[in-house]
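Chain residues, written in single-letter form:
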Amino acid sequence: MGRIALGLSYDGQGWRGWQTQAGGQTVQDALESALCRFLAVPTVATVCAGRTDAGVHALQQIVHLDSAAVRRDESWVRGLNALLPKTLAVQWACAVRDDFHARFDARARTYFYVLRSAPVRSPIAQGRVGWVHDRLDDAAMRAAAALLEGEHDFSAFRSSECQAASPVRTLQALEIHRAGDFLIFEFRANAFLHHMVRNLMGVLVTVGRGRRPPEWAAELLRDRDRRRAAPTFMPDGLYLAHVEYPGTDLPQRTARNALRHHLGDLFAASGTAGSWP
């Protein structure tokens with residue numbers, strides 16, 4: 001048996017998230033079904049870098065599986081994509097060491113939240129980006145973001161269904177970039193709690209609307225009470241963009257290049273293609 005790593009991208013609309021569940025319609029179900037057909041085996045078990053929720057997208061989800069099959073890297077890509085739905089695609093495949101683990105070897109994960117701030121919603125961007133009709137205060141949101149960076153107890157930002165043993169996480173970076181009507185929120189952490197990014201977005205947007213001062217973010221961290229924070233923000237604009245594996249040379253794009261690759265058409269259509277780092 002050899003271990004294979006796959007890089008996946010998917011449009012989260014129409015999927016009930018990554019993890020297999022009764023009733024199907026999950027990314028894992030679709031991938032494992034295609035793998036069984038491609039490898040002519042009854043079952044295949046996959047492990048992913050991070051489970052995404054319903055409606056959440058992936059630019060570079062990393063998955064590993066074990067197989068005795070001998071295939072060229074491009075054969076894995078072409079063969080599986082011929083069997084997968086159009087909203088899910090393998091971007092690359094490669095052999096990895098036998099003890100590589102897509103989840104436990106990951107040392108950092110980067111998510112983007114793409115938000116459109118404009119008076120009228122765009123039907124073209126529907127489901128691909130979040131939307132608010134307000135004009136947001138970038139400076140206030142950046143001030144709040146600076147208070148959220150670092151190692152903290154993120155109890156105020158975790159779902160009640162979160163199964164993590166500890167609420168402590170290290171938010172290594174939280175950057176906010178503007179590109180015309182678009183705001184791109186870049187989150188990098190060692191790991192994330194269930195709904196953590198969407199709950200952080202709820203607080204940042206509330207601050208951006210002027211309904212709370214930036215210091216509110218620090219108060220929430222200190223009080224550790226989810227009930228006092230903002231509602232969980234919509235999943236539409238959330239993208240798993242990059243997973244870091246020190247000492248492992250996977251054929252990934254950088255997080256920002258992955259966003260440009262998959263959403264370049266959206267930014268280009270808005271005339272903002274080159275206006276963020």
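A few points on the structure. (Residues numbered from 1 in each chain as written. Predicted model: local features only at pLDDT ≥ 70, side-chain atom pairs only at ≥ 80, totals over all residues. Heavy atoms only, no water.)

## Points about the packing of helix H1 (residues 27–39) against helix H2 (residues 73–81)
Operational definition: Axis geometry follows a simple rule: fit a line to the C-alpha atoms, using only the stretch in contact for helices, then measure angles between N-to-C directions, giving values from 0 to 180 degrees. Going along the chain from the N terminus, every DSSP run of H or I of four or more residues is numbered as a helix, and every run of E of two or more is numbered as a strand. In these notes the angle categories are as follows: under 35 degrees is roughly parallel, over 145 is roughly antiparallel, 65 to 115 is roughly perpendicular, and the rest is oblique. If you view the pair so one helix is near and one far, a crossing is left-handed when the near helix is turned anticlockwise from the far one by less than a right angle, and right-handed when it is turned clockwise. Contacts are residue-level and defined by heavy atoms, with any inter-residue pair within 4.5 Å sufficient.
For the pair H1 and H2, interaxial distance at closest approach is 9 Å and the crossing angle is 115°. Of the possible angle classes, the one that applies to H1 and H2 is roughly perpendicular. You can see that H1 and H2 cross each other, and the crossing is right-handed. Taken together, the residues of H2 that come into contact with H1 (itself represented by Ala 34, Leu 35, Phe 38 and Leu 39) are Ser 75, Trp 76, Gly 79 and Leu 80.

## What about the nonpolar core?
So the rule is basically this: Nonpolar cores were defined as sets of buried Ala, Val, Leu, Ile, Met, Phe, Trp, Tyr and Cys residues, with membership established by side-chain atoms within 4.5 Å. In this scheme, a residue with accessible area under 20% of its type's maximum is buried, one over 50% is exposed, and one in between is partly exposed, where area comes from a 1.4 Å probe on protein chains only.
In terms of nonpolar packing, the biggest core is built from 79 residues, with Leu 115, Phe 185 and Phe 187 touching the most fellow members. Excluding residues that lie within four positions of it along the chain, Phe 187 makes contacts with Arg 109, Thr 110, Tyr 111, Tyr 113, Ala 173, Leu 174, Phe 192, Val 197, Leu 200, Met 201 and Leu 204. If you look at the next biggest cluster of nonpolar residues, it comprises 16 residues, including Phe 112, Ala 125, Ala 179 and Phe 182.

## Re the environment of Ile 184
By the element assignment, Ile 184 lies in strand S9 (residues 182–189). For Ile 184, a relative accessible area of 0% puts it in the buried group. The sequence separation of Ile 184 and Gly 264 amounts to 80 residues, and the corresponding C-alpha distance is 13 Å.

## Here's the deal with the pattern of salt bridges
Here is the rule we go by: Salt bridge, as used here, is a side-chain nitrogen of Lys or Arg placed within 4 Å of a carboxyl oxygen of Asp or Glu.
Taken as a whole and judged by the stated rule, the model has 13 salt bridges. Across the salt bridge formed by Asp 138 and Arg 178, the nearest N and O atoms sit 2.6 Å from each other. Pair noted here: Asp 138 is in helix H3 (residues 138–148) and Arg 178 is in strand S8 (residues 168–179), with a separation of 40 residues, a long-range link. Note on Arg 178: relative accessible area 18%, which makes it buried.

## Some points on H2
All buried positions along H2 are accounted for by Trp 76, Val 77, Gly 79 and Leu 80. Turning to H2, the residues buried within the fold contact strand S1 (2–10), H1, strand S3 (57–67) and strand S4 (88–96).

## Let's talk about the packing of aromatic side chains
Formally: Aromatic rings from Phe, Tyr and Trp, with only the six-membered ring used for Trp, were paired whenever their centres fell within 6.5 Å, and each pair was classed as stacked if the ring planes differed by under 30 degrees, edge-to-face if by over 60, and tilted otherwise. Criterion for a charge above a ring: Arg CZ or Lys NZ at most 6 Å from the ring centre, at most 35 degrees from the ring normal.
Taken as a whole and judged by the stated rule, the model has 5 aromatic pairs. Note on Phe 38 and Trp 76: the rings are 5.4 Å apart at their centroids and 55° apart in plane angle, and the pair reads as tilted. One end of the pair, Phe 38, is in helix H1; the other, Trp 76, is in helix H2, and 38 residues separate them in sequence. Across the pair, Trp 76 and Phe 38 agree in class, each one buried. Here Phe 154 and Phe 157 contribute two aromatic rings whose centre-to-centre distance is 6.0 Å and whose plane-to-plane angle is 65°, an arrangement assigned as edge-to-face. Phe 154 sits in the buried class, given a relative accessible area of 0%. When its relative accessible area of 0% is taken as the criterion, Phe 157 is described as buried. In this arrangement the basic side chain of Arg 71 is found over the ring face of Phe 38, its NZ or CZ atom lying 5.4 Å from the centre.

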